[in-house]
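Structural description and commentary
The lines below spell out each chain.
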Amino acid sequence: MKLISLLKRLAAAKFNGKWRLISREGDMVAELSGITDIGSYTRGLAVVKKGEQWGIIDEAGNFVIEPKYKELQAVIISI
């Protein structure tokens, strides 16, 4: 199992080659089908790799930006 801390209330965990979002209590929040890599969450969004392309998901695991980019980086903007 590989575990990445993402938010105070969520983490990404890789079980048997599949990424999932889990709560602090260990409950599965979302199964991230086809995701091969995931970065840290910033302001509720995380950069993820699906196959050879990158996109962005929200805290529920839904795509905000579909994976269609060769490269993608998170940018933090403070207001």
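What you see as residue numbers is a count from 1 along each chain, following the sequence as written. For a predicted model such as this one, the threshold for reporting local features is a pLDDT of at least 70, and the threshold for listing and counting side-chain atom pairs is 80 or more; totals across whole chains, interfaces and linings nevertheless cover every residue. Heavy atoms from the whole structure form the basis of all side-chain values; hydrogens and water molecules are not counted.

Moving on to the sheet that holds strand 5 (residues 35-42). Taken together, the four strands give an open sheet; going across it, the order is 5-6-7-8, and neighbouring strands pair in antiparallel fashion. Among the strands making up the open sheet, the edge pair consists of strand 5 and strand 8 (63-69). Along the sheet, successive strands turn relative to each other by an average axial angle of 15°, direction set aside. Bridge analysis of strand 7 (residues 53-57) against strand 8 gives three bridges, and the strand direction is antiparallel. Bridge pairing in strand 8 places Trp 54 opposite Tyr 69. One requirement defines pairing of two strands: DSSP has to find at least two bridges between them. Secondary structure counts use DSSP, requiring at least four H or I residues in a row for a helix and at least two E residues in a row for a strand, with both numbered from the N terminus. A fitted line through C-alpha atoms represents every axis, and for helices the fit uses only the stretch in contact; the resulting angles, taken between N-to-C directions, go from 0 to 180 degrees.

Our focus in this paragraph is a nonpolar patch on the surface. To count toward a patch, a residue needs a relative accessible area over 30% and no salt bridge; like charges are then connected within 9 Å, while nonpolar side chains (Val, Leu, Ile, Met, Phe, Trp, Tyr) are connected within 5 Å. Areas reported as accessible are Shrake-Rupley estimates using a 1.4 Å probe. Residue values count occlusion only from the protein chains shown. Any Lys or Arg side-chain nitrogen found within 4 Å of a carboxyl oxygen on Asp or Glu counts as a salt bridge. Together, Leu 45, Val 64, Ile 65 and Tyr 69 make up an exposed nonpolar region whose accessible area comes to about 310 Å². Top contributing element to the nonpolar patch by residue count: strand 8, with three residues. With respect to the element layout, Leu 45 can be found in strand 6 (residues 45-50).

Turning our attention to the pairing of strand 5. Note: strand 5 against strand 6, five bridges, orientation antiparallel. In the strand pairing of strand 6, Ile 38 is matched with Val 48. The hairpin turn running from strand 5 into strand 6, its antiparallel successor, is two residues long, and Arg 43 in that turn takes a positive phi close to 55°.

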